[in-house]
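Each chain, written out:
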Amino acid sequence: DIRGFTTLSESLSPLELSEFLNDYLSAVTEVIFSHDGTIDKYVGDMVMAFWNAPIEEPAHAEKAINSALGMQSVLTALNRSYANKGWPEVALGIGISTGEMNVGDMGSQYRKAYTVLGDVVNLGSRIESLTKFYGVGILVSQLTKEQAPKYEYRLIDKVTVVGKSEPVEIFEPISHNDVTKEVDELLELHHKAFKLYYSKDWSTALLMFNQLINNNILSTRVYEIMLERIADTDPTLSPASWCGEYTHINK
């Protein structure tokens, strides 16, 4: 999904908007097809795609992440083109969820479409919406991470999303090209900080999150959120069953 698409569309003429969407959708669709994805639908600027159907694909989670990283990379080139036309720069939010779902021709007696349905599909949509909240371009579910172990990941949060009662961990995949020694050191500190936070050692976690917020490599919005969360919470009032989850009340 394009971030701030409504504002963007207001700044373009109808003809320009049509040209913009054609350029954008063509570019991201090419990336998805190059990684064996199936386009489900376009809804305005939103692209929905899935893997492992209609043709079985064992590496579906890995290919979905490859596509997400590829789309973010293509966006850099697209933004240069938009700048030459005097159009605003855009950003993408991408959510990936893995699991069992219904797939096939669905609809009414008048019209059907080949699509996917299920709780896992809804989770993917909720995860995509959270990219804006956490200031990252891509978020994936725990199961996606488990099925694509070749990547490095940054734990972003443990959340209960709208419409679900059980918390899930969400992660940001890191491109292989971006995994340097410095990034590895930051990820190590990052995961130590979250481990301390979950164990309620918030004073030490606070120190580590303050260290991380000053880095200029990884996006820092998640650290701002964690510092705000710690400042607003009394650990002595947390229930014994608390396991670090945060409940989102908006889609």
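This structure is a prediction, so every number in the text was calculated from the model and none was measured. (Residues numbered from 1 in each chain as written. Predicted model: local features only at pLDDT ≥ 70, side-chain atom pairs only at ≥ 80, totals over all residues. Heavy atoms only, no water.)

Take the environment of Phe133 next. Tracing the chain through its elements places Phe133 in helix α4 (residues 119-134). For the pair Phe133 and Val47, spaced 86 residues apart in the sequence, the C-alpha separation amounts to 20 Å. (Helix = DSSP H or I, 4+ residues; strand = E, 2+ residues; numbered from the N terminus.)

Counting residues in hydrophobic clusters, the biggest one holds 70 residues, and the most contacted among them are Phe20, Tyr134, Tyr197 and Phe209. Not counting chain neighbours up to four residues away, the residues in contact with Tyr134 comprise Leu139, Ile156, Asp157, Val159, Ile170, Arg221, Val222, Ile225, Arg229 and His248. (Core = buried A, V, L, I, M, F, W, Y, C linked by side-chain atoms within 4.5 Å. Buried < 20%, exposed > 50% of the residue type's maximum accessible area, 1.4 Å probe, protein only. Contact = heavy atoms within 4.5 Å.)

Okay, the sheet that holds strand β6 (residues 138-141) next. The strands making up a sheet associate through hydrogen bonds between their backbones, and the pairing can be parallel or antiparallel. Within the open sheet, the five strands sit side by side as β3-β6-β8-β7-β9. Their pairing is mixed. The sheet is open, and its two borders are formed by β3 (94-96) and β9 (246-247), each paired with just one other strand. Direction of pairing for β6 relative to strand β8 (residues 168-174): antiparallel, over a ladder of two bridges. Residue Ser141 lies in a different strand from β8, and its bridge partner there is Ile170. Against the sheet, helix α6 (residues 181-198) makes contact with β7 (152-160) and β8, and its axis sits at roughly 25 degrees relative to β7, the strand it touches most. (Pairing = 2+ DSSP bridges. Axes fitted to C-alpha atoms, helices over the stretch in contact; angles between N-to-C directions.)

Here the focus is the packing of α6 against helix α8 (residues 221-231). Packed helices, taken two at a time, are described by the angle between their axes plus the distance between the axes. Between α6 and α8, the least distance of the axes is 13 Å, while the angle of their chain directions is 20 degrees. As far as their axial angle goes, α8 and α6 are roughly parallel. Where α6 crosses over α8, the two elements pack in a sense that is left-handed. Here α6 contributes His190, Phe194 and Tyr197 to the contact with α8, which in turn contributes Val222, Tyr223, Met226, Arg229 and Ile230. Grouping the constituent residues of the contact of α6 with α8 by class yields six nonpolar, one polar and one charged. (Parallel < 35°, antiparallel > 145°, perpendicular 65-115°, else oblique. Left-handed = near helix turned anticlockwise from the far one by under 90°. Nonpolar A, V, L, I, M, F, W, Y, C, P; charged D, E, K, R; others polar.)

A cluster of like negative charges, contributed by Glu152, Glu182, Asp184 and Glu185, occupies part of the molecular surface. With three residues, the top contributor of residues to the negative patch is α6. With respect to the helices and strands, Asp184 occurs in helix α6. Judged by its relative accessible area of 35%, Asp184 is partly exposed. (Patch = residues over 30% accessible without salt bridge, like charges linked within 9 Å, V, L, I, M, F, W, Y side chains within 5 Å. Areas by Shrake-Rupley, 256 points an atom, 1.4 Å probe, with all protein chains shown as cover. Salt bridge = Lys/Arg side-chain N within 4 Å of Asp/Glu carboxyl O. Lys, Arg positive; Asp, Glu negative; His and termini not counted. Charge placed at Lys NZ, Arg CZ, Asp CG, Glu CD.)

Once that is clear, we can look at the pairing of strand β4 (residues 102-107). Bridge analysis of β4 against strand β5 (residues 112-117) gives six bridges, and the strand direction is antiparallel. Within β5, the residue paired with Gly107 across the bridge is Lys112. Hairpin connection of β4 to β5: four residues between the antiparallel strands.

Let us look at the side chain of Ser141. Mapped onto the elements, Ser141 comes out in strand β6. By relative accessible area, which is 4% here, Ser141 ends up buried. At 3.0 Å, the side chain of Ser141 and the side chain of Thr144 are in polar contact. Filtering out sequence-adjacent residues up to four positions away, Ser141 remains in contact with Ile96, Ser97, Thr98, Leu123, Ile127, Glu169 and Phe171. (Polar contact = N/O pair within 3.5 Å; in protein donor to acceptor, adjacent residues only side chain to side chain.)

For the rest of this paragraph, the subject is the pattern of salt bridges. Enumeration according to the criterion identifies 12 salt bridges in this entry. Here Asp157 ties to Arg229 by a salt bridge, and the two come within 2.9 Å at their closest N and O atoms. Residue Asp157 is located in strand β7, and its partner Arg229 is located in helix α8; the two are separated by 72 residues in the primary sequence. Neither residue differs from the other here; Asp157 and Arg229 are each classed as buried. Taken together, the shared-partner salt bridges in this structure form one network comprising Glu19, Asp23 and Lys85.

In β6, alternate side chains face the same way, and those of Ile138 and Val140 on one face and Leu139 and Ser141 on the other are all buried. Note that β3 and β6 share three bridges and pair parallel. When the sheet's bridge partners are listed, Ile94 is paired in β6 with Ile138.

The next point concerns the packing of aromatic side chains. Geometrically, a pair of aromatic rings is defined through the distance of the ring centres and the angle of the planes. Considering all chains together, one arrives at 14 aromatic pairs under this definition. A ring pair is formed by Phe20 and Tyr24, whose centres lie 6.2 Å apart and whose planes are at 5 degrees; its orientation type is stacked. Here Tyr24 and Phe20 lie together in helix α2 (residues 14-34), a separation of four residues that amounts to about one turn. With respect to class, Phe20 is no different from Tyr24; both count as buried. Between Phe133 and Tyr134, the aromatic rings sit 4.8 Å apart at their centres with planes inclined by 80 degrees, giving edge-to-face as the arrangement. By relative accessible area, Tyr134 is classed as buried at 1%. (Phe/Tyr/Trp six-rings, centres within 6.5 Å; stacked < 30°, edge-to-face > 60°.)

These results come straight from atomic positions and should not be treated as a statement about function.
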